[in-house]
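Residues per chain are reported as follows:
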Amino acid sequence: MADGKNQSLFKGRPIKILLAKPGIDGHDRGILVLAKAFRDAGMEVLYAGLLPTPEEVVETAVNEDVDVIALSLLNGAHMTVFKKVADFLKEKNINDISVVGGGTIPDPDKSKLEEMGITGNFGPGTTLSVIIDHVTKRAAEARELKML
Amino acid sequence: MDKVDGDYWKKKIEKLQNDNPGNNPEYSRWKESTLEPWNKKTNLQEKEYINSSDISIKELYNSGDLRKGQEETYLGSPGEYPFTRGIYPNMYRGRPWTMRMFSGFGTPGDTNSRLKYLISHGESGLSIAFDMPTLYGYDCDSKRADGEIGRCGVNVSSLRDMEDIFDGIDLGKVSTSMTINAPAAVLTAMYIAVAKKQGVPLDKIAGTVQADILKEYIAQKEWIYPPEAHLRLIRDMMVYCTENTPKWNYISISGYHIREAGSSAVQELAFTLADGFYYAEMGKKAGLDIDKFAQRLSFFFNSSINFFEEIAKLRAARRIWATVMKERYGAKSERSMMLRFHTQTSGYSLTWQQPLNNIIRTTIEAMAAVLGGTQSLHTNSYDEAWALPSEEAVKIALRTQQIIDEESGMADTIDPLGGSYYMEWLTNKLEEEAYKYFDEIEKMGGILEAVKKGYIQREIAKTSYRRQTRLEEGKEVMVGVNKHAEEEEQPISYLKISPKAQDDQIEKLRKVKKARNENEVKKALKDLEKAMLDEEVNVMPYIIKAVEEYATLEEISNVGRKVFGGWKEPVIV
């Protein structure tokens, strides 16, 4: 966490992030690497395990009051399933949890996901530092809203 | 079951180590008198050379790196025990490897067209990819399946879908591989039912169903029930198919997914063969004669980007399987000792960046598979880090195999790298490291216990994280990713799955349900439940009956969910 402002935001309580593969998808290589990387970067990491539904992901995120939900899918269903996560959050009027995504996501889908508030949408070959920086930035946004 | 020797692995390791080379005076002499002065003079920057298995590689190998008895005991000749150089006496001169492209997307109709397209361009065997809901035993109209229909493969909800996939394709003339695991018994039953409808006798249907559930818990993570329940269903399928479908290979023991999940080459080798040994023991336990069923087990390996390591892995796999089947499991027939395998090039090695580079990666990996003596091969398409492959991309991938086969001369002679000091040393090394894993796994109570404890999964996760860290540090290179990267990546055109596939499938399933005899369906499912509850009963005939009544995949899977329950994996991270 290079940003000085972020440092103070997370003082006393590190970034709390929920990693999830909503939908029916067992490709967990990437998400397991990220879990370790986020932990090494000092974050508090929760992993929802395999096969949670979008509802379950949102419920866990709210109960645990995480800063960020990080979604991963490599099964091509991101446009439907990621959207459901964003929709459930909206339904519950939750705006202080940021959502980031990643997986096998073709370029044209990325802007559509951004419009739903799901950012990052990192594809294969993205370096961990790029992902960690992005998550930190989005966590800071969530944390500021939590402090209001 | 005959008692197996618990100390077998330990003794084996001792034997190998006893045969390993000691000092290498010629290498030491050369290094001191020629190499080091040269390195000093040319100011060589020392660098670490290791492969995926974390094995350090020297700059040179010579005869001093070979084992005692290298040629006669460990190498032998093709078509002869221990089959290091190949399982057939004439290898590709007798028959080229089967070019088998893994295909499946959208609706059964979409997939039927793709299969016919591939057949028309010279593909010699079919291979079906199923979508995620099918792999997990959900129908297309399940709420859980929303957005996933046809995305990762073809959707199959009922027998009608299977009929449509193979419409106009004579099951008596093709061989078909189906990548399906948790619901393998159901899809096999559907294939049998389609064959019956086409009037093809069951002893004529040829192919492979993956049905390797152990590697699902290890790597691909597509399960429905707890391991023991799936293993029982697979046992029933083994017994049924041994008796009824002599050309149907009922388990394809798969290292592919173990590797893709992040393992090294040696972990892929060790964990896959350990799974294989488990199935061999399971067959013996079910009362089958090892020489009747072992020949029906086939393997499926990954070919990744470290060329020599992959070839060595495949050669070591053949030797280990032959040796252990003979020595530990008492196989008498050479066919039981021959490790036959399919290979797929590595999906993980493909990059989203500069996607055309993937054609080169796939070519190198396909060459390794061929030089490693594969029986069949799938080559990945260059656009697969983006999406399922387009027709154009899949054709280049198929042509890659045809160029290797028909232009390059690579298939002209058998095991052309046999006898290379480096190749033999590396084969020996991977073999020895695999035996160490077998011993470790045995100490944990066997592979099933090791998986249930999460040991294997954690080993893989560790390797995968280390590899990622090395990439981040620039210690390993992916061209276009962490080196030679370009700022602006142009999007490529790629295959798009229409959301209409989902609607069409749901509508079709509605019609199937309307047309079937509900009472017969209910009865078939009830009978299946009774059969599942009795460990001694073989469920296969009941599953076949249920699919023939057009009971759906999910309905059949739900009977099992009720009887066996579900599964939550141990914590890996």
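Let me sum up the structure you'll find in this document. Quantities reported herein were computed from a predicted structural model and do not represent experimental measurements.

Below, the discussion takes up the overall build of chain B. Each helix and strand in chain B was counted, giving 24 helices and nine strands. Radius of gyration (C-alpha) of chain B: 24 Å, near the 25 Å computed for a compact globule of 573 residues. In terms of overall dimensions, chain B has C-alpha extents of about 85 × 60 × 50 Å along its principal axes. Going through the 573 residues of chain B one by one, you find that 60% of them count as buried. Within chain B, contacts between residues at least 6 apart in sequence are counted, and of these 79% link residues at least 24 apart.

On to the overall build of chain A. Along its length, chain A carries six helices and five strands. Taken from the N to the C terminus, the helices and strands of chain A come in the order α-β-α-β-α-β-α-β-α-β-α. Whereas a compact globule of 148 residues would reach a radius of gyration of roughly 15 Å, chain A reaches 14 Å, a difference of no more than 12%. Each principal axis of the C-alpha atoms in chain A carries an extent, and together these give about 40 × 35 × 25 Å. Relative to its full complement of 148 residues, chain A shows a buried share of 57%. Long-range contacts, defined here as pairs at least 24 residues apart, represent 74% of the contacts in chain A between residues at least 6 apart. As presented, chain A carries roughly 6000 Å² of accessible surface, and 52% of it is formed by carbon and sulfur atoms. Computed over 18 positive and 21 negative side-chain charges, the inter-centroid distance for chain A is 2 Å.

With that out of the way, let us pick up the sheet that holds strand S7 (residues 297-303) of chain B. For sheets, the rule is that strands pair by backbone hydrogen bonds, running either parallel or antiparallel. All names here are of chain B. Strand order across the open sheet formed by nine strands is S5-S4-S3-S2-S1-S9-S8-S7-S6, with parallel pairing between neighbours. In this open sheet, the two strands that pair with only one neighbour each are strand S5 (248-249) and strand S6 (251-254). Summarising the sheet, S6 and S7 pair through four bridges and their orientation is parallel. Its bridge partner being in S7, serine 254 is matched across the sheet by phenylalanine 300.

With that out of the way, let us pick up the sheet that holds strand S4 (residues 98-103) of chain A. Residues and elements named next belong to chain A. One open sheet holds the five strands; their spatial order is S2-S1-S3-S4-S5, and the pairing between them is parallel. With one partner strand each, in any of the chains shown, strand S2 (44-50) and strand S5 (118-122) form the two edges of the open sheet. For this sheet the average axis-to-axis angle between neighbouring strands, irrespective of direction, equals 20 degrees. Sheet topology note: the strand S1 (residues 16-21)/strand S3 (residues 68-73) ladder contains four bridges and is parallel. Across the sheet, leucine 18 pairs through a bridge with isoleucine 69, a residue of S3.

Core analysis: the largest hydrophobic core is formed by 159 residues, its most contacted members being B:Met162, B:Leu187, B:Phe438 and B:Ile456. Apart from the residues within four sequence positions on either side, B:Leu187 is in contact with B:Phe130, B:Val156, B:Met162, B:Met178, B:Ile180 and B:Leu553. If you look at the next biggest cluster of nonpolar residues, it comprises 28 residues, including A:Phe10, A:Leu19, A:Leu128 and A:Ala139.

This part covers the interface of chain A and chain B. Opposite the 39 residues of chain A that make contact, chain B presents 41 residues. Buried surface at the junction of chain A and chain B, both sides included, amounts to about 3200 Å², of which 57% is carbon and sulfur. By the criterion of area lost to chain B, the three top residues of chain A are A:Ile24, A:Arg29 and A:Lys36, representing 24% of everything that side buries. Joining chain A to chain B, the criterion identifies three salt bridges. For B:Lys143, the salt bridge identified is with A:Glu55, shortest N-O distance 2.9 Å. Across the chain A-chain B interface, the total number found is 10 residue pairs in polar contact (both at pLDDT 80 or more). A class-by-class count of the residues in the side of chain A that touches chain B yields 17 nonpolar, 12 polar and 10 charged.

Further remarks concern the packing of helix H14 (residues 307-327) of chain B against helix H16 (residues 357-371) of chain B. Residue and element names in this part refer to chain B. Where H14 contacts H16, the two axes come as close as 8 Å, and the packing angle between them is 30 degrees. Here H16 runs roughly parallel to H14, going by the angle between their axes. Here H14 runs over H16; the crossing is right-handed. Contacts from Phe307, Glu310, Ile311 and Leu314 in H14 reach Ile364, Met367, Ala368, Ala369 and Leu371 in H16. When its residues are assigned to classes, the contact of H14 with H16 shows eight nonpolar, no polar and one charged.

Residue and element names in this part refer to chain B. Contact pair helix H8 (residues 184-198) / helix H10 (residues 227-244): the axes reach a minimum separation of 10 Å and the direction vectors enclose 25 degrees. With respect to their mutual orientation, H8 and H10 come out roughly parallel. Seen along the crossing, H8 lies across H10 with a hand that is left-handed. Across the interface between the two elements, Ala184, Ala185, Thr188 and Ile192 of H8 pack against Met237, Tyr240 and Cys241 of H10.

On to the side chain of B:Arg328, then. Residues and elements named next belong to chain B. Take arginine 328: it is sitting in the loop between H14 and helix H15 (334-337). On the basis of relative accessible area, arginine 328 is assigned to the buried category, the value being 8%. Among the polar contacts listed, one links the side chain of arginine 328 to the side chain of tyrosine 329, at a separation of 3.3 Å. Side-chain polar atoms of arginine 328 contact the side chain of glutamate 442, separated by 3.1 Å.

Another point: helix H6 (residues 128-147) of chain A. Helical periodicity: at 3.6 residues per turn, an α-helix aligns residues three or four positions apart in one direction. The end-to-end C-alpha distance of H6(A) is 28 Å, a good match for the 28 Å that 20 residues give at a rise of 1.5 Å each. Of the residues making up H6(A), those classed as buried are A:Leu128, A:Ile131, A:Ile132, A:His134, A:Val135, A:Thr136, A:Arg138, A:Ala139, A:Ala140, A:Ala142, A:Arg143 and A:Lys146.

Where side chains of opposite charge bring their charged atoms close, a pairing between them can arise. Residues and elements named next belong to chain A. Enumeration according to the criterion identifies 58 salt bridges over all chains in this entry. The salt bridge partner of lysine 110 is aspartate 107, with a shortest N-O separation of 3.3 Å. Pair noted here: lysine 110 and aspartate 107 are both in helix H5 (residues 107-115), with a separation of three residues, about one helical turn. Linked through salt bridges whose partners overlap, the residues forming this network are Arg13, Asp65, Asp96 and Lys146.

Moving on: the packing of aromatic side chains. Counting across every chain of the model gives 27 aromatic pairs over all chains. Seen from their ring centres, B:Tyr8 and B:Trp9 are 5.1 Å apart, and the 75 degrees between their planes marks the pair as edge-to-face. On the basis of relative accessibility, which here comes to 2%, the residue B:Trp9 falls in the buried class. Chaining the aromatic ring pairs together yields one cluster made of B:Tyr8, B:Trp9, B:Phe277, B:Phe299, B:Phe301, B:Trp321, B:Tyr329, B:Phe341, B:Tyr435 and B:Phe438. Taking NZ or CZ as reference, A:Arg29 lies 3.5 Å from the ring centre of B:Tyr348, over its face. Note that B:Arg67 overlies the ring of B:Tyr74, its terminal NZ or CZ placed 4.6 Å from the centroid.

Rules used in this analysis
- Residues numbered from 1 in each chain as written.
- Chains lettered and ligands numbered in written order.
- Predicted model: local features only at pLDDT ≥ 70, side-chain atom pairs only at ≥ 80, totals over all residues.
- Heavy atoms only, no water.
- Helix = DSSP H or I, 4+ residues; strand = E, 2+ residues; numbered from the N terminus.
- Rg over C-alpha atoms; globule rule 2.2 N^0.38 Å.
- Buried < 20%, exposed > 50% of the residue type's maximum accessible area, 1.4 Å probe, protein only.
- Contact = heavy atoms within 4.5 Å.
- Areas by Shrake-Rupley, 256 points an atom, 1.4 Å probe, with all protein chains shown as cover.
- Lys, Arg positive; Asp, Glu negative; His and termini not counted.
- Charge placed at Lys NZ, Arg CZ, Asp CG, Glu CD.
- Pairing = 2+ DSSP bridges.
- Axes fitted to C-alpha atoms, helices over the stretch in contact; angles between N-to-C directions.
- Core = buried A, V, L, I, M, F, W, Y, C linked by side-chain atoms within 4.5 Å.
- Buried area = accessible area lost by both parts, 1.4 Å probe.
- Salt bridge = Lys/Arg side-chain N within 4 Å of Asp/Glu carboxyl O.
- Polar contact = N/O pair within 3.5 Å; in protein donor to acceptor, adjacent residues only side chain to side chain.
- Nonpolar A, V, L, I, M, F, W, Y, C, P; charged D, E, K, R; others polar.
- Parallel < 35°, antiparallel > 145°, perpendicular 65-115°, else oblique.
- Left-handed = near helix turned anticlockwise from the far one by under 90°.
- Expected span 1.5 Å × (residues − 1).
- Phe/Tyr/Trp six-rings, centres within 6.5 Å; stacked < 30°, edge-to-face > 60°.
- Lys NZ or Arg CZ within 6 Å of the ring centre and 35° of its normal.

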